[in-house]
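# Structural overview
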Amino acid sequence: MDHQLVASTPPLGWNSWDCYGAAVTEEEIRGNAEYMAKHLKPFGWNYITVDIQWYEPDAHSSQYRPFVPLVMDNYSRLMPAENRFPSAAGGLGFRPLADYVHNLGLQFGIHIMRGIPRQAVHAATPILGTTATARDIAHTNSICPWNTDMYGVDASKEGAQAYYDSLFELYASWGVDLVKVDDIAASRLYGTHQPEIAMISEAIRRCGRSMVLSLSPGPAPVESSAFFTEHANMWRMTDDFWDQWPLLRDMFDRCRAWQGIPQAGSWPDCDMLPLGHIGIRSVDGGGADRWTRFTRDEQLTMMSLWSIFRSPLIFGGELKDNDEWTLSLITNHEVLRMHRESRGAREAIREGDLIVWTAEHPEGFGYAAVFNLGDSPLSLELPLDQLGQAGASAGTELWSGAAAELTVSGELSTTVPPHGVRLYRLE
C-alpha cells in the first residue's frame, strides 16, 4: 500500500460509536451519510463508518452481549446482521450500503475486531484459499479483554495470511474504503499486535482496492511509530476519548509526545470528536443520551488542538441533530485549511496553564493556537518571535474572525478564557 496516496491529508468523517455504540442501523447510517453529503462534503468531510458489531443481530448499546451467536458466512467471515442492515440480505453484505454512500460522493468504512470469530474456531469452519480451518490458525490465548467475539490469529500458522486475504477480498468486493481494526494498536493484555497488523497491511495491499487502515485502541506506543508509519494510515494515541475535561487536558501531553510524527499517509489519531448529540444508545464515557458535556470553550479547544496537530477528524454525534453552533465547529474554512495544509506543528510554549502550539503554512504565513488549561482567564502579551512569526504585521483569530492585536513592540496581545483557546493565523 502506498500510504501517501491513500490518506495524503488526515481523514475527515463520521463514526457511529459515540451515538449508537454497537447498535447502529442501516437507516441511521444512511441518514448521517445524507446529512454529510448535503452539509459537510464541500468542506472535505467524506468518510461514513459503521462501528463495532454490525454482525450481532441483537446488539442494543455499547455494552456487548458475551458469547452470543454472530452472523457468519461459510468461510469464517462475519457478515452484516440483516435485521439491522436489510440491504445485506441474500449474501450481498455491505455492497448495497457502500453503493448508496458512494452515490452520495462519500467513502464507506467499517470497524472489525482483530482475529477470527470464536464460533468459527469452535466449529473448525473453512477458510477461503487454504485447506486450513479456523481452528488451525487461531491463537486461543490471544483474546480481547472487553469483547468475546474473536480469538487472535497466529501469524506463524499455515492459512493465517490466507484468512486475512479472504477478509479484505470480501471488503474490496463490498466497496469498503476504510477499515478500523480494534484491539490491535494497544491491547490491555498483550501490547501491540504487530504480526496481525503486518498481515492486515499485506492483505490490503493484495486486495486490489485502496483502503485507509485505522488502528485502535490506544495508547499506541510512541517507540513503535516507525512500524505504524510503515503499516497503517492512522492509529490511536489514546484509549476511548470522551467529553470529560481531564481527558482533553491529558491530550496535550499525548500530542507533545507524538509531535513531528504526522505525515502524508500516516496520522496519529486523537480519537473521535464527542460533539453534538451523543450517547443515544452508547452508555460509554460515563453518560447516557446527551449533548456533549464540553463547554463551548472546551469544544473550541478540542477542535483547535486536533486541527493544528493534524489528527484525523472523526465526528461522533448524530449529524442530523446538529445545531448551528456544532455545525460551525466543523465547517470553518480557515481551520480546515490549517488542518489540511499546515506543516511542522509543535508545542512552542508550556508555562503553567498556558500552552501554545505553532505551525507553518507552505505559502509563508503561520499559525498559533494559544490554550488556557486553567480555571481563570489568562491575559497575555506573547512575543511574536516565540511564535515563529517575528515579522508578522497582521493576523486573524480563526474562530471569531477578529483581527489579532499586535503591539508595536512585536507582541500578540490576547485574553484566553478558562479551558479555552485563541487560534491565530499570522502573516
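Rules behind the numbers
Residues numbered from 1 in each chain as written. Predicted model: local features only at pLDDT ≥ 70, side-chain atom pairs only at ≥ 80, totals over all residues. Heavy atoms only, no water. UniProt positions renumbered as here; feature names shortened; annotations may be inferred. Phe/Tyr/Trp six-rings, centres within 6.5 Å; stacked < 30°, edge-to-face > 60°. Helix = DSSP H or I, 4+ residues; strand = E, 2+ residues; numbered from the N terminus. Buried < 20%, exposed > 50% of the residue type's maximum accessible area, 1.4 Å probe, protein only. Pairing = 2+ DSSP bridges. Contact = heavy atoms within 4.5 Å. Axes fitted to C-alpha atoms, helices over the stretch in contact; angles between N-to-C directions.

The name an unreviewed UniProt entry assigns to the protein is Alpha-galactosidase, from the organism Paenibacillus mellifer. Its UniProt record gives the protein the following Sequence similarities (unreviewed entry) comment, quoted word for word: "Belongs to the glycosyl hydrolase 27 family." The UniProt entry for the protein carries this comment under Catalytic activity (unreviewed entry): "Hydrolysis of terminal, non-reducing alpha-D-galactose residues in alpha-D-galactosides, including galactose oligosaccharides, galactomannans and galactolipids."

### A word on the packing of aromatic side chains
If you walk through the whole model with that rule in mind, you get 19 aromatic pairs. An angle of 75° between the planes, with centres 5.3 Å apart, marks the rings of Phe168 and Tyr171 as edge-to-face. Within this pair, Phe168 and its partner Tyr171 are both found in helix H7 (residues 160–174), separated by three residues, close to a single helical turn. With a relative accessible area of 0%, Phe168 lands in the buried category. Geometrically, the ring pair formed by Phe228 and Trp235 is stacked, given 5.5 Å between the ring centres and 20° between the ring planes. Here Phe228 and Trp235 have matching classes, each one buried. Put simply, the rings of Trp54, Tyr55, Phe85, Phe94, Phe108, Phe168, Tyr171 and Trp174 pair up and form one aromatic cluster.

### What to know about the sheet that holds strand E6 (residues 150–153)
Taken in spatial order, the three strands line up as E4-E6-E5 in an open sheet, and their pairing is antiparallel. The two strands at the open ends of the sheet, each matched to only one other strand, are strand E4 (116–117) and strand E5 (138–143). By the bridge criterion, three bridges tie E5 to E6 in an arrangement that is antiparallel. Residue pairing in the sheet places Ile143 in a bridge with Tyr151 of E6. Strands in contact with H7 are E4 and E6; relative to E6, the strand with the most contacts, it is inclined by about 120°.

### So, the UniProt feature "domain: Alpha galactosidase C-terminal" (unreviewed entry) in the protein
If you check UniProt for "domain: Alpha galactosidase C-terminal" (unreviewed entry), the listed places come out as residues 351–426 in our numbering. Taken end to end, residues 351–426 comprises 0% helix and 50% strand; its first and last C-alpha atoms sit 22 Å apart.

### Examining the sheet that holds strand E2 (residues 47–50)
Consider a sheet: its strands pair through backbone hydrogen bonds, and that pairing is either parallel or antiparallel. Taken in spatial order, the eight strands of this open sheet run E10-E9-E8-E7-E3-E2-E1-E13, and their pairing is parallel. Among the strands making up the open sheet, the edge pair consists of strand E10 (267–269) and strand E13 (313–315). For this sheet, the mean angle separating the axes of adjacent strands, direction not counted, is 25°. Bridge count between strand E1 (residues 12–15) and E2: three bridges; the pairing is parallel. Among the inter-strand pairings, Asn15 is bridged to a residue of E2, identified as Thr49. Along the sheet face, helix H3 (residues 26–40) touches E1 and E2 and points at about 170° away from the line of E2. Relative to strand E3 (residues 107–113), helix H4 (residues 95–103) is tilted by about 145°, and along the sheet it contacts E2 and E3.

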